Amino acid sequence: MVIDSPHATHKYLRRISRDFSTVRRFSNTPAVTLTVPSPASAAAAAAIPLDGPEDMPSTPRGIRKRQRLRKRSSVSSTLSKVLILNVRDLLKAQANSESTVEHQPRSWIETNFQKRECIKFIPCPKDDTKCCCGQAQITHQTIAGIESGSPGDLWLPTKHTRPQPTDAYGTIEFQGGAHPTKAQYVRLSFDTRPELLVQLFTKEWNLELPKLLITVQGGKANFDLQAKLKKEIRKGLLKAAKTTGAWIFTGGTNTGVTKQVGDALLLEGQQRTGRVVSIGIAPWGIVERNHELLGHNREVPCHSISSPRSKLAVLNNRHAYFLLVDNGTQAKYGAELILRRKLEKFISNLKLHPFTHSSTPVVCLVIEGGTNTIRAVLEYVTDSPPVPVVVCDGSGRAADLLAFVHKYASDGEEQPVLESMREYLIGTIQKTFEVGVDQAEKLYQELLQCTRNKNLITVFRIQEKPEGEAQELDQTILTALFKSQHLSPPEQLSLALTWNRVDIARSEIFVYGQEWPNGALDEAMMQALEHDRIDFVKLLLENGVSMKKFLTIPRLEELYNTKHGPANTLGYILRDVRPHIPKGYIYTLHDIGLVINKLMGGAYRSYYTRRKFRPIYAKVMNSYANACRKSSSYQYQRYAGANSLSLVTGLLPFTTEMALFEFPFNELLIWAVLTKRQQMALLMWTHGEEALAKSLVACKLYKAMAHEAAEDDLDTEIYEELRSYAKEFESKGNKLLDFSYRQDAEKAQRLLTCELHSWSNQSCLSLAVAANHRALLAHPCSQVILADLWMGGLRTRKNTNFKVILGLVMPFYIRQLDFKSKEELQQMPQTEEEHLENQNLDNDDSDRSQPDAECKLIPVEKQSPSFHSPANSTDALLADTYSVRETKVHENGKVSLTDSDPSQFREFFHLSEFTNEIKQHQPLRLKKKFYEFYTAPITKFWADSIAYMFFLIMFSFTVLVKMGPMPRWQEWYSIAYITTLGFEKVREIISSEPVAITHKFSVWAWNMWNPCDGAAIILFLIGLSFRFRPNTMDIGRVIYCVDSIYWYLRILNILGVNKYLGPLVTMMGKMVKNMIYFVVLLAVVLMSFGVSRQAILYPNNEPTWRLIREVTYQPYFMLYGEVFADDIDPPCGEDPRQPACVTGHWVTPITMSMYLLIANILLINLLIAVFNNIFNEVNSVSHQVWMFQRFTVVMEYQQKPVLPPPFIAFCHFYSLLKYCVRKAKGEPGMSKFSFVP
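Cut-off values and rules
- Within any chain, residue numbers begin from 1 and follow the written order of that chain's sequence.
- The predicted nature of this model means local features are confined to residues of pLDDT at least 70 and side-chain atom pairs, given and counted, to a pLDDT of 80 or more, with totals for whole chains, interfaces and linings taken over all residues.
- The basis for every side-chain value is the complete set of heavy atoms in the structure, and neither hydrogens nor water enter the calculation.
- A run of H or I in DSSP becomes a helix once it reaches four residues, and a run of E becomes a strand once it reaches two; helices and strands are each numbered from the N terminus.
- Burial status follows relative accessibility: with a 1.4 Å probe on protein chains alone, a residue under 20% of its type maximum counts as buried, one over 50% as exposed, and anything between as partly exposed.
- Contacts are assigned to residue pairs that have any heavy atoms within 4.5 Å of one another.
- Here the Shrake-Rupley method, with its probe set to 1.4 Å, supplies the accessible areas, and only the displayed protein chains count as covering residues.
- Patches were defined on residues exceeding 30% relative accessible area and lacking a salt bridge, with like-charge contacts within 9 Å and nonpolar side-chain contacts (Val, Leu, Ile, Met, Phe, Trp, Tyr) within 5 Å.
- One side-chain nitrogen of Lys or Arg within 4 Å of one carboxyl oxygen of Asp or Glu is enough to make a salt bridge.
- Between the N-to-C directions of two axes lies an angle of 0 to 180 degrees, each axis being a line fitted to C-alpha atoms and, for a helix, fitted only over the stretch in contact.
- Roughly parallel covers angles under 35 degrees, roughly antiparallel covers those over 145, roughly perpendicular covers 65 to 115, and oblique covers all other angles.
- Under the scheme applied, nonpolar residues are Ala, Val, Leu, Ile, Met, Phe, Trp, Tyr, Cys and Pro; charged residues are Asp, Glu, Lys and Arg; polar residues are all the others, including Gly.
- Crossing handedness is read from the near helix: turned anticlockwise from the far helix by less than a right angle, it gives a left-handed crossing, and turned clockwise, a right-handed one.
- Two rings belonging to Phe, Tyr or Trp (six-membered ring only in the last case) form a pair when the distance between their centres is within 6.5 Å. Interplanar angles under 30 degrees mark stacking, angles over 60 mark edge-to-face geometry, and anything in between is tilted.
- Whether a charge sits over a ring comes down to the Lys NZ or Arg CZ being within 6 Å of the ring centre and within 35 degrees of the ring normal.
- Remark: nonpolar core denotes a set of buried residues (Ala, Val, Leu, Ile, Met, Phe, Trp, Tyr, Cys) joined through side-chain atoms within 4.5 Å.
- Just so you know, the count uses Lys and Arg for positive and Asp and Glu for negative, and it drops His and the chain ends.
- Paired strands are those between which DSSP finds at least two bridges.
- Scored between 0 and 100, pLDDT is the confidence that the predictor attaches to each residue.

Concerning the overall build of the protein chain
Line of reasoning, step 1. Along the protein chain, the regular secondary structure elements total 52 helices and 14 strands.
Line of reasoning, step 2. The 1237 residues of the protein chain split such that 45% are buried.
Line of reasoning, step 3. Within the protein chain, contacts between residues separated by at least 24 positions form 73% of all contacts whose residues are at least 6 apart in sequence.
Line of reasoning, step 4. Just so you have it, the protein chain exposes about 65200 Å², and 56% of that area is on carbon and sulfur atoms.

Quick notes on a nonpolar patch on the surface
Line of reasoning, step 1. Taken together, the side chains of L1019, V1038, V1042, I1045 and L1049 make up a nonpolar region of the molecular surface, amounting to roughly 420 Å² of accessible area.
Line of reasoning, step 2. Following the sequence through the fold, V1042 ends up in helix α45 (residues 1033-1049).

What about the packing of helix α7 (residues 194-204) against helix α10 (residues 337-348)?
Line of reasoning, step 1. Look at α7 against α10: their axes get within 9 Å of each other, and the N-to-C directions meet at 75°. Judged on the interaxial angle alone, α10 and α7 are roughly perpendicular. For the pair α7 and α10, contact is made by P194, E195, L197, V198 and F201 and by L339, K342, L343, F346 and I347, respectively.
Line of reasoning, step 2. For the contact of α7 with α10, the per-class residue count stands at eight nonpolar, no polar and two charged.

Looking at the pattern of salt bridges
Line of reasoning, step 1. A full pass over the atoms with the stated rule returns 42 salt bridges.
Line of reasoning, step 2. With a closest N to O distance of 2.7 Å, D326 and R187 form a salt bridge. Taken together, the residues span a long stretch of sequence, with D326 in strand β9 (residues 321-326) and R187 in strand β4 (residues 181-189) at a distance of 139 residues. Like D326, the residue R187 is buried in the burial classification.

Describing the packing of helix α34 (residues 780-791) against helix α51 (residues 1182-1198)
A pair of packed helices is captured by two measures, namely the crossing angle of their axes and the spacing between those axes.
Line of reasoning, step 1. At a minimum axis distance of 10 Å, the contact between α34 and α51 shows a crossing angle of 35°. The interaxial crossing formed by α34 with α51 has left-handed handedness. Contacts between α34 and α51 pair Q783, L786, A787, L789 and W790 from the former with M1187, R1190, F1191, V1193, V1194, M1195, Y1197 and Q1198 from the latter.
Line of reasoning, step 2. Tallied by class, residues from the contact of α34 with α51 come to ten nonpolar, two polar and one charged.

Observations concerning the packing of aromatic side chains
Line of reasoning, step 1. Taken as a whole and assessed by the stated rule, the structure comprises 38 aromatic pairs.
Line of reasoning, step 2. Relative to Y1197, the ring of W790 lies with its centre 6.4 Å away and its plane at 85°, an arrangement referred to as edge-to-face. Of this pair, W790 sits in helix α34 while Y1197 sits in helix α51; the two residues are 407 residues apart in sequence, bridging distant segments of the chain.
Line of reasoning, step 3. For W790, a relative accessible area of 12% corresponds to the buried category.
Line of reasoning, step 4. With 5.5 Å between their ring centres and 40° between their planes, F1001 and W1004 make a pair best called tilted. Pair noted here: F1001 and W1004 are both in helix α43 (residues 997-1004), with a separation of three residues, about one helical turn.
Line of reasoning, step 5. Among the residues examined, F1001 registers a relative accessible area of 44% and is labelled partly exposed.
Line of reasoning, step 6. On the basis of relative accessible area, W1004 is assigned to the buried category, the value being 9%.
Line of reasoning, step 7. Over the aromatic face of F1028 sits the side chain of R1027, whose NZ or CZ is 5.4 Å from the ring centroid.

Describing the side chain of Q492
Line of reasoning, step 1. Checked against the element boundaries, Q492 lands in helix α17 (residues 489-499).
Line of reasoning, step 2. Excluding its chain neighbours within four sequence positions, the residues that come into contact with Q492 are F482, L487, E508 and I509.

Side note on the environment of A681
Line of reasoning, step 1. Mapped onto the secondary structure, A681 falls in helix α28 (residues 678-686).
Line of reasoning, step 2. The exposure class of A681 is buried, given its relative accessible area of 0%.
Line of reasoning, step 3. Between the alpha carbons of A681 and W671 there is a distance of 8.1 Å; along the sequence they are ten residues apart.
Line of reasoning, step 4. Contact partners of A681, with chain neighbours within four places excluded, come to L669, A672, V673, Y702 and F729.

Comments concerning the nonpolar core
Line of reasoning, step 1. One finds L529, L674 and W1047 to be the most contacted residues of the largest nonpolar core, which totals 171 residues.
Line of reasoning, step 2. If you tally residues by element for this core, the top one is helix α29 (residues 691-711), at twelve residues.
Line of reasoning, step 3. Here W1047 is in contact with Y948, F951, L952, F955, I978, L981, A1016 and I1017, once residues within four sequence places are set aside.
Line of reasoning, step 4. Judged by nonpolar contacts, the second largest core, of 62 residues, contains I109, L200, L339 and C364.

A word on α7
Line of reasoning, step 1. Of the positions making up α7, those classed as buried are P194, L196, L197, V198, L200 and F201.
Line of reasoning, step 2. In the core, the buried residues of α7 are packed alongside α5 (108-112), β4, β6 (247-250), β7 (277-283), β9 and α10.
Line of reasoning, step 3. Directly beyond the C-terminal end of α7, a positive phi value near 55° is found at N206.

Quick look at the side chain of K700
Line of reasoning, step 1. As for its placement among the helices and strands, K700 is situated in helix α29.
Line of reasoning, step 2. The side chain of K700 sits in the buried core without any salt bridge; E708 is the nearest counter-charge, 9.2 Å away.

Section: the environment of R275
Line of reasoning, step 1. Its location among the elements puts R275 in the loop between α9 (256-271) and β7.
Line of reasoning, step 2. Between the C-alpha atom of R275 and that of R318, which follows or precedes it by 43 residues, the distance is 9.8 Å.

Some words on helix α19 (residues 520-530)
Line of reasoning, step 1. The element α19 is extensively covered by neighbouring structure, given that nine of its eleven residues are classed as buried.
Line of reasoning, step 2. Among the residues making up α19, those that are buried are A520, L521, A524, M525, M526, Q527, A528, L529 and E530.
Line of reasoning, step 3. Buried-residue contacts for α19 involve α17, α20 (534-542), α21 (547-550), α22 (553-560), α27 (664-674) and α28.
Line of reasoning, step 4. Positive backbone phi, at 60°, marks D532, one or two positions downstream of α19.

Observations regarding the sheet that holds strand β8 (residues 295-302)
Line of reasoning, step 1. If you walk across this open sheet you meet the ten strands as β8-β3-β4-β9-β7-β6-β5-β10-β11-β12, and the pairing is mixed. Edge positions in the sheet fall to β8 and β12 (457-460), since each has one partner strand and no second. Neighbour-to-neighbour, the strand axes of this sheet turn through a mean angle of 25°, independent of strand direction.
Line of reasoning, step 2. Sheet topology note: the β6/β7 ladder contains four bridges and is parallel. What sits directly across from I248, in β7, is S278.

Some thoughts on the pairing of β9
Line of reasoning, step 1. A large share of β9 lies buried, amounting to six of its six residues.
Line of reasoning, step 2. Looking at chain direction, β4 and β9 are connected through six bridges and run parallel. Bridging from a neighbouring strand, S189 pairs with D326 of β9.

Side note on the confidence of the model for the protein chain
Detailed reading of the predicted coordinates is not advisable wherever pLDDT falls low.
Line of reasoning, step 1. Residues with a pLDDT of 70 or more make up 78% of the protein chain, whose mean pLDDT is 78.
Line of reasoning, step 2. Predicted confidence is poor over residues 846-919, with pLDDT under 50, and the contacts of this stretch with residues over four places away or in other chains come to 98 contacts.
Line of reasoning, step 3. Long-range and interchain partners of residues 1229-1237, a stretch whose pLDDT sits below 50, account for 43 contacts in this model, where long-range means more than four residues apart.

Details of the environment of A1016
Line of reasoning, step 1. Looking at where A1016 falls in the secondary structure, it is placed in helix α44 (residues 1009-1027).
Line of reasoning, step 2. Sequence-wise, A1016 and G982 are 34 residues apart; in three dimensions their C-alpha atoms are separated by 9.8 Å.
Line of reasoning, step 3. In this structure A1016 touches D1043, Y1046 and W1047, once residues within four positions along its chain are discounted.

See the structure below:
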């Protein structure tokens, strides 16, 4: 047992006294009086043996005598022993607690900080009963061997005080408000080393080092300020501290200028936007009731109300930290001055790394003040390095005198104006401070010395600027630092970035004629990006920073690995693509590329994961590592792994352009999105090219990140935040397309269909599908393109489907159909197959000597020279609007656009007006008409639909009639159809864009109909293998019948094209998905009733697989109204011919009633409600749903071969033969389809 205090000891002994009373009652003995033993007696008592009552000399003699004579029972002796044991335990515990206190290790604060106590009494000349330290002789400490001094001796804190470990530190809880305001405090010696104080701030109190130090000087006595000035000082000081991350040093007491600063901090507390680091440095001896603060790591309640008659002061309750400086004096100011100045100087020498290489700036703010304030200002401006001073004019006394002298001071050594006002100034000083002539003369000389450093003093006045904007104190404070410290422009910019004050940078740094050294703005841009300084990034872009020259591969990788900025989910997603990431792992761009591929999905491949990027990355990072090897071993270790990235690295020549990106804003947009910097992402979206594509990519990335956050069970707020960011980019993309479509519909259509090399060769339409951007696909611009693609080369407005079917049935009718002109076809998006076929057709036409039929384009060469004169408007159009591009076929068969010389196309622009009308009506040749008709997606759709309906008829006939040993021609047709359809599915997988076969399959399986088709084809082939064996032919026929179910359901895929049936098919799909969850609930209820019913009615069943059917059969069909009334409660026992009743047969009707109530009424209606919700949800956006599905159908039939199954085999053979011929000739083969304008 541990005794914490003497009070507890007395309480424990009182309990022992009650125990003695109990012993006395049992043993009829007189009471025993107990006293608290001394430590000496405690030790003696602890050694008392407890063998018997006779061994206790402290026991009264009367008790021993009665025990010997009466020989009482053993109860009394037992109680006495227990009582003595308690006494001994008490004394031992008390001794142990005292030794524990003596040997308890001291805290870091006690070890490093000390207090001061006066050890020699030296009478004060004014009062002999008091020491020079301020203590009375009665309470003064006396030490043996140290005699009192005489009244004339000089008292020095270093000589007449002794240091001891501090005995006062902890937390002050200021009472009086709605909630207690807490502040840390510590009592320390006046000669404490400043590095210990900085360690106290950073290690013990967990403060970040300041980016600016504002030390406030002023009067100690209370004073009043003008209302307007008081408001400006409060607002400006608070803004300067909060925006720059500054510390504020004050006197700490609730008087004078410190009280004014406390009022400003009170305003900050009401705003609830974070607490400003305000540190009060006050003398320990001046603090009222400082004895209440004594204690180690205590929480002390305190009221910030001083006694009216007291000469002491209380602490200001709006400060967060207090340094109570002790030099052994009582009720005297000045103990803190030396420590405060040393601490300010030490902080001013601290580097702001990693923000900047300059030191921490310090500025002094003067509000009112007395004679000591003038001396303090003089020390600041004459110190090395000097400290700039900001004087608040109009605040009173010293501040007004400094402002007046500063106003009339000249820049030279001589001060003629001030000398002429000498008598006036001395008289003003006497009147203001109530001092004599000599002291006023001295103060006048100090004021003159201050004016010799006029550039270090800035005066803040409340006045209107010429523009009508009032001057603010925070701007005055920050600009005073720039004017006084003679910093270079890069250092000034670095400070402004550190403070996050773009207004200061715009007005004071980026001025006309400012010259910047090479790389200075690049460093500032890197710092602004890392710390998410949006306004600074804008400012640097406006002032000449080229992002194309700035953003390199190492810098982008460094941005991904920065620890600054908001929290993001990049690390969670990276663990999916890199499962075993060690702690401190440095992300590479290849890792980021894998993350992008995962989030984008589909066939998207990031540039960082492509084969051509790997040798460039290895070469750049090797060169960067070699450059950083001498300067930083960390950087070398970081990039040393790049040596083994590629064997091609040694053969690749290094150039500075290799490390750059063609579209840097695209890369920065992805970086900002992945690191969840929404405002930065919006800024990168507004700059650079391909804004529509960037908005779609950002939308898709945010949606995928939100999905990953939901799967990782992160906070719901993160999911909602990412979804809101995605909706913002979704809205911006839709607005951008709408604006572009209103300006120029033709260019907007090209914008949607153009292949984007920087976005994995996708188009904006395909990106919109990946992002599930229904609004953009439902836009008229997108629908015009889809309608144009759906019709192909046809131009029919009415009865289009009927005309296409008629053209399929009667090919000669194709000549009567309307087709687009040759020029209109060239403006349409084309697949690669169409592009190559058109090249062959054009080559055939050029070889013919006969011209085309009705009309032809007049050659350019034969036009008059007037059309060839240069025109500035054409050059501007070519240079500013867009670059003219020509089609180029790459080795992998991909068709892309390459930049061409605009001068080659100027003739076309000159002739455009002259030949426009002729071009619009140029007809197609008959061969071209047939080609355009059969390659149109609408024609392929109807041909495929007709062939599919014919296949269904043949397959239905096959399964409905008797199956012979040899297949009929109807069955052969069905076999050929499904087999060729299987080859078509294989072709779709192989021709998809991804490289890896698993990735190809995942992209192909994105459409749910494709894996279902594959499963149905495989099932049919299994049935076919059984069908040709006589002994298993019936099994094969059954498999045929089961397989026919899916082929009929596949008609829904064809009906999805219809404007009215398409949304209904979507509803059915969603209802089936939701019905799966309902089936789980239904199975639970069904099994609970079915097992109970079967077990009660048929208790003697043998174990067979048929039990499963019996359990589920009747309960399942009861859901649809078949209640099996005869089997629920069968008759029994009443008639001898009836079977005997089983035990508990009456339970079955009760459980059936409950089952029907839950299943038929509750669950079925719940399912209906869910279906109704899905219907309302889809029906509200049915138009967008149909348009979204329309794009999938158009793209599907755009890429399909011309002939339907089973004739599609001829197309496969032709494509394979053409591919082999091209490979043999060394020409590029066709590997995939892509859009080209």
